[in-house]
Structure formats: structure tokens, C-alpha cells
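Spelled out from the first residue to the last, the chains are:
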Amino acid sequence: MKILVTGQQGQVARCLADRAADHPELELVFAARKGTAVFLDFTDEASIRAAVKVVQPDIIINAAAYTAVDQAEDEPDLAMQINGIAPEILADAAESLRARIIQISTDYVFDGELDRPYRPDDLVNPIGVYGKTKLAGEEAVRAATPNHVIVRTAWIYSPYGKNFYKTMLRLAESRDEVSVVDDQIGNPTSAYEIADGLLAICDDWANGGRSHLGETIHLVGPEEMTWCGFARKVFAESVVDGGSNCHVNAITTEDFPTKAKRPKNSRLASVKLQHF
């Protein structure tokens, strides 16, 4: 079964590439603006459709996204193009081939006001441009094809790209202490966990199954913690491995103002990986 993966330089796509050898029945083909055999530019509809036509995939995993949350406030049109419009084109192209599409989305589609983990059917109410554009992508994919799965995740970390885990370790190289927000809570999620979940869905489909088809699901790590708690966990693990350590000061969101408002509660009620 052939799978077209977008966002080749992103955390999820790179972890998918690392896991590919464990799934010999799945042929992963990566597409991006550079560094891949298949060219794909999310700002160009013709490029998107051409990539799908060339690859002729059975499944598309859309792991590409505009993820600069604060910068999105200044670039709403570009964020919408990548997060909202391009997924619609991908989904339409998939439908023309009777292919299936997995659209990766985010906890930022919620406003963070609930006092429990969000379920997939809870009311969406994004509070920033990033969340609004990702929600637009969800809605566009649902409208374009019934052969979809929307996978919401959150607080992604991996050995690749820019992420909180790597940022903390980098800061510890030059600082004795850091101050981290302690009133936003969520689920730190390894991109490898996400890759494993996505490939489990694809394995099921390759064997004639319909796992989660037409559904919106949440796929996050099992632990709930604040960003401050996450930072302390990062350093605790680093010390065990003989790496850097740093004292973590707890601060509030108001102590660390950002251009884009963040949900205070980003916890998602996740599917269980072992149930795939």
C-alpha cells in the first residue's frame, strides 16, 4: 500500500520515516519543496494536485502544517493557505483517486476552558489564528471526502526540528535556571507515538479494515502535566542519562506574555495505542 506523506522535514514525518522499516507492506513516499523526489508546494494548488497524481497513493498522511503559533497572528493568510486551504485540495485529490487521508490537527481547536480532558466531540472554539486555521483544515477535509481520519494531537516532541524538549536542553547549556509557565496543562506527546498510531491505522487499512474511518480521534501521550512539570521531567531524564540539569522556576501565563493566546487546558482524551 502506497502512502504519500507531506511535511517531510517535520517531526511526525521524520519519525514516520524512522518507523517505515518496521512496516514493509507500507510504501511511504515523502513530498516537500526540497529534499525529496516528489515536489510539493502547499502554496500552489497545481503543485499539490501534481504530487498526488504522480504518486497515486492509497493513503495520504498530511503531516505538513504552519505551526508558528505567534507568527500566525501576523501571517493569517499564509497560515490559512497551509493549514486550511491546502488540506482541502489534498482531500479533494484523494477523493478523486478513492484514496484515504489522515489529517493531523491540534489541541488548539479548543479554547481550554473545560476542567477535564477534551473529547473529540466537544465543542471547538479556537482562540487564535493557528487554531482557527487548523480547524478550517479539519472542516475542509471532512467536507471533501468521507474517507478521512482527523487525528488531533498536542505538545509534540522528538529528536527532530524545534520543540519544547530540545529547547529546554539547549537552554540548560548556558543557564543555571529557567522560568516556565505552570498554569497551562496538556499531554506531552512523542512524535514516535504519533507515528506508531498512524502506521497502525494504515496497517489495518492495508489488511482490509476501516479503523477510525470517518472519525475524529485524539492521540496524545498518557501523562498530564504543565509546561513547568514537563521541563522538570526533561531535566530529570537528562540527569539520569548523564546530561544537563537546570533549576525550573514556576511562573504564570501572565508572567510570560505572548502574541497568541494559548489554551489553559490542552488535555485531550486519547485513544489507547494498544487498541489500534
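Our structure is the block above this text.
All of the points below concern the structure found in this document. Please read all numbers here as calculations on a predicted model, not as lab measurements.

### Here's the deal with the sheet that holds strand β3 (residues 38–39)
The strands making up a sheet associate through hydrogen bonds between their backbones, and the pairing can be parallel or antiparallel. Strand order in the open sheet formed by 7 strands is β3-β2-β1-β4-β5-β6-β11, with parallel pairing between adjacent strands. In the strand order of this sheet, the two ends are held by β3 and β11 (215–218), each with one partner. For strand β5 (residues 100–106) and strand β6 (residues 148–153), the ladder comprises 6 bridges, and the chain directions are parallel. Residue I101 lies in a different strand from β6, and its bridge partner there is H148.

### What about the pattern of salt bridges?
With the rule as written, the count across this model stands at 14 salt bridges. A salt bridge links E138 to R152; its shortest N-O distance comes to 2.8 Å. With E138 in helix α4 (residues 129–144) and R152 in strand β6, the pair connects residues that are 14 residues apart, well separated along the chain. Shared partners join several salt bridges into a network, and the residues in it are E45, R49 and D92.

### A few points about the packing of helix α1 (residues 11–19) against helix α6 (residues 191–206)
Orientation of α1 relative to α6, taken along the N-to-C sense of each, is 65 degrees, at an axis distance of 8 Å. Note that α1 runs across α6; the crossing there is right-handed. For the pair α1 and α6, contact is made by Q11, V12, C15, L16, D18 and R19 and by A191, Y192, I194, A195, D196, L198 and L199, respectively. Its residues assigned to classes, the contact of α1 with α6 comprises 9 nonpolar, 1 polar and 3 charged.

### Section: unusual backbone geometry
Positive phi outside glycine occurs at R98, with the angle close to 60 degrees. Structurally, R98 can be placed in the loop between α3 (76–96) and β5. In this structure R98 comes out as exposed when scored by relative accessible area, which is 63%. For W155, which is not a glycine, the phi torsion comes out positive at approximately 50 degrees. Its location among the elements puts W155 in the loop between β6 and β7 (156–157). A relative accessible area of 9% means that W155 is categorised as buried.

So, how was this worked out
- Residues numbered from 1 in each chain as written.
- Predicted model: local features only at pLDDT ≥ 70, side-chain atom pairs only at ≥ 80, totals over all residues.
- Heavy atoms only, no water.
- Pairing = 2+ DSSP bridges.
- Helix = DSSP H or I, 4+ residues; strand = E, 2+ residues; numbered from the N terminus.
- Salt bridge = Lys/Arg side-chain N within 4 Å of Asp/Glu carboxyl O.
- Axes fitted to C-alpha atoms, helices over the stretch in contact; angles between N-to-C directions.
- Left-handed = near helix turned anticlockwise from the far one by under 90°.
- Contact = heavy atoms within 4.5 Å.
- Nonpolar A, V, L, I, M, F, W, Y, C, P; charged D, E, K, R; others polar.
- Buried < 20%, exposed > 50% of the residue type's maximum accessible area, 1.4 Å probe, protein only.

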